[in-house]
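A closer look at the structure
What follows is the residue order along each chain.
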Amino acid sequence: MATTHPIANNPSKLNEEPHAETDQKILNEINRHNHGIAEGFFQRFFKGPPLDNPLKKYAHHLRNSFVSRLPESEEKPDLPGTSHHFLFLSTTEYSWAKVQVIGLELDAEYYDHDSGLVQLYKYARKVFRSQPARLFLHGIYILGHVAELWVFDRLGMYHSTPLNLRDHPKGVADIFAHYLGLKDSDLGINPILRSDPTGLYILVKGESQTEPGLSQFYLEGEPIVSPEEIVSTRPICYRARISTSTRAEFVVKFTWRKEDWRSEYWEYWESEAQRWRVRRSEKDMLRLVKKRKVSGVMQMFGGRWRNG
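Criteria and cut-off values
- Residues numbered from 1 in each chain as written.
- Predicted model: local features only at pLDDT ≥ 70, side-chain atom pairs only at ≥ 80, totals over all residues.
- Heavy atoms only, no water.
- Helix = DSSP H or I, 4+ residues; strand = E, 2+ residues; numbered from the N terminus.
- Contact = heavy atoms within 4.5 Å.
- Core = buried A, V, L, I, M, F, W, Y, C linked by side-chain atoms within 4.5 Å.
- Buried < 20%, exposed > 50% of the residue type's maximum accessible area, 1.4 Å probe, protein only.
- Domains from an automatic or database assignment.
- Polar contact = N/O pair within 3.5 Å; in protein donor to acceptor, adjacent residues only side chain to side chain.
- 1 Å grid on protein atoms, 1.4 Å probe; cavity = no way out; pocket = protein on both sides within 12 Å on 5 of 7 lines; lining within 4 Å.
- Points joined across faces, edges and corners; volume = space filled by probe spheres on them.
- Nonpolar A, V, L, I, M, F, W, Y, C, P; charged D, E, K, R; others polar.
- Pairing = 2+ DSSP bridges.
- Right-handed = clockwise from strand over helix to strand, strands pointing away.

The protein appears in an unreviewed UniProt entry as Fungal-type protein kinase domain-containing protein from Fusarium euwallaceae.

Here you go:
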């Protein structure tokens, strides 16, 4: 069942907050990158509206799964009309680096829609700064008796049709249960990244590798380059070492490709019959560097590409 928010958007309320200027900038950023309601949202992630399809098999896990305190804090925040709901990858480490779902529940008597959305966005930004190679992040936003389910990624943010919780006393629990049923790929965890007791690593086959198997590269703890904002196509780079070495002699680079049709990024060739439009990718340029034996520039060991 869908409804609209009972509280009209009121940006002027943001001016009453101590950090009004910062919050207004965040709200402007949200407005620029908000793609609105995504058709088919419930079907994509939950195979249907969560209030219409309760998952009873996950009900007994809820108490120990969603945590009400903020990450990296031992205390529950004492704010009127505010509840937090965070799903962590670990049950022993409650840090932003382990958050898998963020949730914010607000009393409509104290908050309007925009001020709560700004706070949810701040939490999402903390997660992406701690997990820069993450593909996307789920967010649960409840204002009064209305719930919106959000997704944040590097190209923007979008949300579900609002859900009316007034006629569903166990509606919040039903929503949480559906998130517990998601696979890692549907939670936004990057499938290229793997982990073992030594740390995070990726598997790559070298461009010139002749022996079978993949090379294992361990990433250093903090990236050397990563965007501060959520929406960005800037690369994320980690120093890395191959598993057979103790020295970090490599750089692992994550990039998100976005179609850009501005003419200055393209090269043109004329043929007798037609004009071809060709963009040289970084991968092709590095292969060309290697082929022509150019010295003094980085060399590509190998790469993995993921569509979608």
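From this point, things continue past the structure.
With that settled, consider the side chain of Ser232. In this structure, Ser232 sits in the loop between strand S12 (215-219) and strand S13 (236-242). When sequence neighbours within four positions are dropped, the list of residues in contact with Ser232 reads Arg154 and Pro227.

It is worth spelling out the nonpolar core at this point. In globular proteins that are soluble, nonpolar side chains generally tend to be buried together. Among the nonpolar cores identified, the biggest contains 36 residues, and Ile140, Leu149, Ile175, Tyr179 and Phe254 are the most heavily contacted of them. Elements that contribute at least two residues to this core include exactly helix H2 (41-46), strand S6 (136-143), strand S7 (146-153), helix H5 (171-180), strand S11 (199-204), S12, S13 and strand S14 (250-254). Of the domains in this structure, domain 1 (25-187) and domain 2 (193-260 + 273-302) are the two that each give at least three residues to this core. Contacts of Leu149, omitting those with residues within four sequence positions, involve Phe41, Phe42, Phe46, Pro50, Gly139, Ile140, Tyr158, His159, Ser160, Leu163, Ile175 and Tyr179. With 26 residues, the next largest nonpolar core counts Val99, Leu106, Tyr123 and Ile230 among its residues.

So, on to H5. For H5, a buried count of eight out of ten residues is recorded, marking the element as mostly surrounded by other parts of the structure. Residues Gly171, Asp174, Ile175, Phe176, Ala177, His178, Tyr179 and Leu180 constitute the buried set of H5.

This brings us to the side chain of Thr82. Tracing the backbone shows Thr82 in strand S3 (residues 82-84). At 2.8 Å, the side chain of Thr82 forms a polar contact with the side chain of Tyr111. Once you skip the residues sitting within four places of it in the chain, Thr82 turns out to touch Leu104, Glu105, Leu106 and Tyr111.

Another aspect to go through is the layout of surface pockets. For the second largest pocket, the calculated volume is near 690 Å³. Along its surface, the second largest pocket is lined by 26 residues, and Ala97, Lys98, Gln131, Leu193 and Leu200 are the ones closest to its centre. Of all elements in the fold, only helix H4 (113-130), strand S10 (194-196) and S11 reach the threshold of two or more residues within the lining of the second largest pocket. For the lining of the second largest pocket, the class distribution of residues is eleven nonpolar, eight polar and seven charged. Of the domains in this structure, domain 1 (25-187) and domain 2 (193-260 + 273-302) are the two that each give at least three residues to the lining of the second largest pocket.

Here we come to the pairing of S6. In terms of burial, S6 is largely enclosed, as eight of its eight residues are buried. Alternating residues of S6 divide into Phe136, His138, Ile140 and Ile142 and Leu137, Gly139, Tyr141 and Leu143, and every residue in both groups is buried. Pairing between strand S5 (residues 99-106) and S6: six bridges, direction parallel. Bridge pairing links Val101 to His138 in S6. For the segment spanning S5, H4 and S6, crossover handedness is right-handed. Pairing between S6 and S7: eight bridges, direction antiparallel. Note on S7: the bridge partner recorded for Leu137 is Phe152. Where S6 folds back on S7, the antiparallel hairpin that results is connected by two residues, among which Gly144 adopts a positive phi of roughly 65°.

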